[in-house]
Amino acid sequence: LYTVFWNYIYNLYFDKWFGSNREKRSLTMRIGHTLGFEGGLIFLSIPVIAWFLKITLLQALALEAGFLVFFLFYAMGFNWTYDKIQPFRQMRNLIN
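Residues numbered from 1 in each chain as written. Predicted model: local features only at pLDDT ≥ 70, side-chain atom pairs only at ≥ 80, totals over all residues. Heavy atoms only, no water.

Participant: Hey, could you go over the nonpolar core for me, with residue numbers and the actual values?
Facilitator: Formed by Trp6, Tyr10, Phe14, Phe37 and Leu41, the largest nonpolar core amounts to 5 residues. The greatest single-element share of this core, amounting to 3 residues, is contributed by helix α1 (residues 2–18). Setting aside residues no more than four positions away along its own chain, Tyr10 makes contact with Gly32, His33, Gly36 and Phe37. (Core = buried A, V, L, I, M, F, W, Y, C linked by side-chain atoms within 4.5 Å. Buried < 20%, exposed > 50% of the residue type's maximum accessible area, 1.4 Å probe, protein only. Helix = DSSP H or I, 4+ residues; strand = E, 2+ residues; numbered from the N terminus. Contact = heavy atoms within 4.5 Å.)

Given below as C-alpha cells:
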C-alpha cells in the first residue's frame, strides 16, 4: 500500500518540479524519474521489510534486490508507454 502512496506523491511532485508536459520528456529525464522513484521506494521499503522480518537492513536489501531490478525496467517501460499512449492534446482541447 505504501508503494501506491509513494507513486502518487512522487509523480505529483515530479510533475510540479519538472513540468507536466510528458510528451516532450527526454530519455535522460525518464531515466532520472525512474531512478528517483526506485531510490525513494528503497528508502521507504527496506527499513519496513527489515523490521517486519526481523532481519538486518543489508539482508533486507539483498532480499529486495531482484524485485528492484525488475521494477526498475518495468517502471521505465510503463511510464514511457503511458506518456505515449495518453491523448494529452485531446484532453487539453476538451478542457480549454
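Having seen the structure, we can now continue with the description.
Participant: Can you tell me about the environment of Phe18, naming the residues and giving the values?
Facilitator: Along the chain, Phe18 turns up in helix α1. You can call Phe18 partly exposed: its relative accessible area is 48%. Between the C-alpha atom of Phe18 and that of Met29, which follows or precedes it by 11 residues, the distance is 9.0 Å.

Participant: Can you break down the confidence of the model for the chain residue by residue, with the values?
Facilitator: With 85% of its residues at a pLDDT of 70 or more, the chain has an overall mean of 81. The least confident element of the chain, judged by mean pLDDT, is helix α4 (residues 88–95) at 63; the most confident is helix α2 (residues 27–53) at 88. (pLDDT = per-residue confidence, 0-100.)

Participant: I'd like a rundown of the packing of α1 against α2, residues and numbers included.
Facilitator: Where α1 contacts α2, the two axes come as close as 11 Å, and the packing angle between them is 145°. Like other packed secondary-structure pairs, α1 and α2 cross with a definite hand, here right-handed. Contact with α1, carried on its side by Tyr2, Thr3, Trp6, Asn7, Tyr10, Asn11, Phe14 and Phe18, involves Met29, Gly32, His33, Gly36, Phe37, Gly40, Leu41, Leu44, Ser45 and Val48 of α2 and no other residues of that element. Among the residues forming the contact of α1 with α2, the class breakdown is 10 nonpolar, 8 polar and no charged. (Axes fitted to C-alpha atoms, helices over the stretch in contact; angles between N-to-C directions. Left-handed = near helix turned anticlockwise from the far one by under 90°. Nonpolar A, V, L, I, M, F, W, Y, C, P; charged D, E, K, R; others polar.)

Participant: Requested: an account of the packing of α2 against helix α3 (residues 57–85), with residues and values cited.
Facilitator: It is the contact of α2 with α3, at a shortest axis distance of 8 Å, that shows an interaxial angle of 145°. As α2 runs across α3, the sense of the crossing is right-handed. Its residues assigned to classes, the contact of α2 with α3 comprises 19 nonpolar, 4 polar and 5 charged.

Participant: Residues and numbers for empty space enclosed by the protein, please.
Facilitator: Per the counting criterion, the structure on display carries 1 cavity of 30 Å³ or more. Of all the elements in the fold, those that place two or more residues in the lining of the largest cavity are α2 and α3. It is α3 that contributes the most residues to the lining of the largest cavity, 5 residues altogether. When its residues are assigned to classes, the lining of the largest cavity shows 4 nonpolar, 3 polar and 3 charged. (1 Å grid on protein atoms, 1.4 Å probe; cavity = no way out; pocket = protein on both sides within 12 Å on 5 of 7 lines; lining within 4 Å. Points joined across faces, edges and corners; volume = space filled by probe spheres on them.)

Participant: Run through the layout of surface pockets, naming residues and quoting values.
Facilitator: Empty space within the largest pocket amounts to approximately 460 Å³. Asn7, Phe37, Tyr74, Ala75 and Phe78 are the residues nearest the centre of the largest pocket, which is lined by 21 residues in total. By residue number, the principal contributor to the lining of the largest pocket is α3, which donates 10 residues. Its residues placed into classes, the lining of the largest pocket shows 10 nonpolar, 6 polar and 5 charged.

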